[in-house]
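As a plain string of letters, each chain reads:
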Amino acid sequence: MVDRIGKETAIAREAMRAAQRMVDEREASTRSIASAIEGAPAPRAADFEPMLAAGVERLDRQVNSAESLPIDLLTGKVDDFHEIAVQLKNAELSFKFAMEIRNKLIDAYREVMRMSV
Amino acid sequence: MDGTNGFFTGMRICASGLTAERERMDVIAENLANARTTRTPDGGPYRRKIVLFEPILAEVEGEERTQGVKATHVGVDRVTDFERVLDPGHPDAGPDGMVVYPNVNTVMEMSDLITAMRAYEANLTAQENFVRMAERALDLLR
Amino acid sequence: MQTDPVGLMVRLLGACELRARVVSANIANSNTPGYVRQVVRFEDLLREELQDGGDAKGVMPEVAPDLETPSRPDGNNVSLELELNGMRENRLLYEAYSSILRSHFSLLESAISEGR
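Source: prediction; values computed, not measured.

## Let's talk about the overall build of chain B
- Within chain B one finds two helices and four strands.
- For chain B, the N- to C-terminal ordering of α and β elements is α-β-β-β-β-α.
- The C-alpha atoms of chain B give a radius of gyration of 22 Å, which is well past the 14 Å a tight globule of 142 residues would have.
- A total of 142 residues make up chain B; the buried ones form 31% of that total.
- Long-range pairs, those at least 24 residues apart, make up 61% of the contacts in chain B with a sequence separation of at least 6.

Set out below in structure tokens:
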């Protein structure tokens, strides 16, 4: 019995490690996407929380600046259509990117939870 | 929508060209219509009218830039001579039998009219060009 | 196009748009006595800078008068055909640059939703 519990725990631990690896892989690829969008290197935090917090902050800033765009267009503050389009597109992509991270995190969490301990 | 937005500024430049050329065409039409008017209400034959064009200048980003054109005023051509024709039977003939005709050269007016029309169409094409470029920029959002 | 492809495309688009405005000003003044046509330089300035190994970031579009093309008797040197042709070329450039941007963004979009 102890033997079996020991084996199951080992399996569970292995599963957790596998899940973490999978999530890390996703994190790495999304980090490169983040730098492609931002044009600046994404934070190098090894675990999620700081990276997520920074990402959310960045997204928030972009969405805010995108929200003021219609007003800026009306008041003539924003320069040109192509600049507006690019800013809006960046905000849109950041948002999609954040949604995708959220989805992957939820998937990974669910998969880990599905494993019997 | 004002300010430094490129497309709208551009369209306004073209609009100024359209307006100016239109005014020129109106003046040319008046000249042509009165090419043989020997008697005006003020007395004497019709005098050819001319339009003066000047660029619209504005300071953009610290530089002086041309932002269009305007027909500043309609003047009277006092340089070209009237045409004098011997025709004693004419009701407007003077005591010397000479009739004084307007200083309008029909051929030159027609040539100016064609120039103005071509410029008008070119301004129209240029204006349309801005609309197309704006559409292309907005396509990025689709 | 090393670090910021989007930024460079936006600047190229901006130069095209400036050029469209300058060409329009030439067309509007095609019958203005004494008017000298203006041109916009950017792509060739960029090329010069990059060939010298310099940084493309500092290059700005320039508006300059064309003093080489001879003037007509009234002092005006604008040719409608030349301007309209320039306008057509310029618009093609604009379309090319925005197409590049569009494909860049759709690439990013696919990358984001990859693995679904």
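That covers the picture; the talk isn't over yet.
## Some points on the overall build of chain C
- The helix and strand tally for chain C stands at three helices and two strands.
- The N-to-C order of helical and strand elements in chain C reads α-β-α-β-α.
- For 116 residues, the compact-globule estimate of 2.2 N^0.38 gives 13 Å, and chain C exceeds it by more than 25% at 18 Å.
- Overall, chain C is about 70 × 30 × 15 Å in size when its C-alpha atoms are taken along their principal axes.
- Taking all 116 residues of chain C together, 33% fall into the buried category.
- Sequence-distant contacts, at least 24 apart, represent 67% of the contacts inside chain C between residues at least 6 apart.

## Some remarks on the confidence of the model for chain C
Residue and element names in this part refer to chain C.
- For chain C, the mean per-residue pLDDT works out to 90, and 96% of the residues sit at or above 70.
- The lowest-confidence element of chain C is helix α2 (residues 43–51), averaging 88 in pLDDT; the highest-confidence one is strand β1 (residues 38–41), averaging 95.
- Prediction confidence for the complex, expressed as pTM and ipTM, is 0.76 and 0.88 respectively.

## Concerning the packing of helix α2 (residues 106–139) of chain B against helix α3 (residues 80–112) of chain C
- Running from N to C, α2 of chain B and α3 of chain C cross one another at 5 degrees; their axes reach a closest spacing of 10 Å. Between α2 of chain B and α3 of chain C, the angle falls in the class roughly parallel. On α3 of chain C, the residues that touch R118, A119, A122, T125, A126, N129, R132, M133, R136, A137 and D139 of chain B of α2 of chain B are L80, L84, M87, R91, Y94, E95, S98 and R102 of chain C.

## Some points on the interface of chain B and chain C
- Contacts between chain B and chain C engage 31 residues on the former and 26 residues on the latter.
- Elements represented by at least two residues in the side of chain B that touches chain C include exactly α1 (6–33), β1 (49–60), β2 (63–76) and α2 of chain B.
- It is α2 of chain B that provides the largest number of residues to the side of chain B that touches chain C, a total of 14 residues.
- Split by residue class, the side of chain B that touches chain C holds 12 nonpolar, 12 polar and seven charged.

## Here's the deal with the nonpolar core
- Membership of the largest hydrophobic core comes to 49 residues, with the highest contact counts inside it found for M133 of chain B together with L13, C16 and Y97 of chain C.
- For this core, the secondary-structure elements that each account for two or more residues are α4 (81–114) of chain A, α1, β1, β2 and α2 of chain B together with α1 (5–28) and α3 of chain C.
- The element contributing the most residues to this core is α1 of chain C, with 13 residues.
- Excluding anything up to four places from it in sequence, C16 of chain C contacts N90, L93, Y94 and Y97 of chain C.

## Here we look at the environment of T125 of chain B
All names here are of chain B.
- Structurally, T125 is set in helix α2.
- Exposure remark for T125: the 17 C-beta atoms within 10 Å place this residue in the partly exposed category.
- With 111 residues separating them along the chain, T125 and C14 place their C-alpha atoms 8.9 Å apart.

## Some words on the confidence of the model for chain B
- Across chain B, the average pLDDT comes to 91, with 97% of residues at 70 or higher.
- The element-level mean pLDDT for chain B is lowest in β2 of chain B, coming to 91, with α1 of chain B highest at 95.

## Considerations on the packing of α1 of chain C against α3 of chain C
Residue and element names in this part refer to chain C.
- Put simply, α1 and α3 touch, their axes get as near as 9 Å, and they point 160 degrees apart. Judged by the inter-axis angle, α1 sits roughly antiparallel to α3. Considering the relative orientation of α1 and α3, their crossing is left-handed. Contacts between α1 and α3 involve P5, V6, M9, L12, L13, C16, R19, A20, V23, N26 and I27 from the first element and L80, E83, G86, M87, N90, L93, Y94, Y97, S98, I100, L101 and H104 from the second.
- Looking at the contact of α1 with α3 residue by residue, the class counts come to 16 nonpolar, five polar and two charged.

## Details of α4 of chain A
- For α4 of chain A, spanning 34 residues, the distance from its first C-alpha to its last is 49 Å, which sits close to the expected 50 Å at 1.5 Å a residue.
- Of the positions making up α4 of chain A, those classed as buried are F81, H82, I84, A85, V86, K89, A91, L93, S94, F97, A98 and I101 of chain A.

Criteria and thresholds
- Residues numbered from 1 in each chain as written.
- Chains lettered and ligands numbered in written order.
- Predicted model: local features only at pLDDT ≥ 70, side-chain atom pairs only at ≥ 80, totals over all residues.
- Helix = DSSP H or I, 4+ residues; strand = E, 2+ residues; numbered from the N terminus.
- Rg over C-alpha atoms; globule rule 2.2 N^0.38 Å.
- Buried ≥ 20, exposed ≤ 12 C-beta atoms within 10 Å, placed from the backbone.
- Contact = placed C-beta atoms within 7 Å.
- pLDDT = per-residue confidence, 0-100.
- Axes fitted to C-alpha atoms, helices over the stretch in contact; angles between N-to-C directions.
- Parallel < 35°, antiparallel > 145°, perpendicular 65-115°, else oblique.
- Nonpolar A, V, L, I, M, F, W, Y, C, P; charged D, E, K, R; others polar.
- Core = buried A, V, L, I, M, F, W, Y, C linked by C-beta atoms within 7 Å.
- Left-handed = near helix turned anticlockwise from the far one by under 90°.
- Expected span 1.5 Å × (residues − 1).

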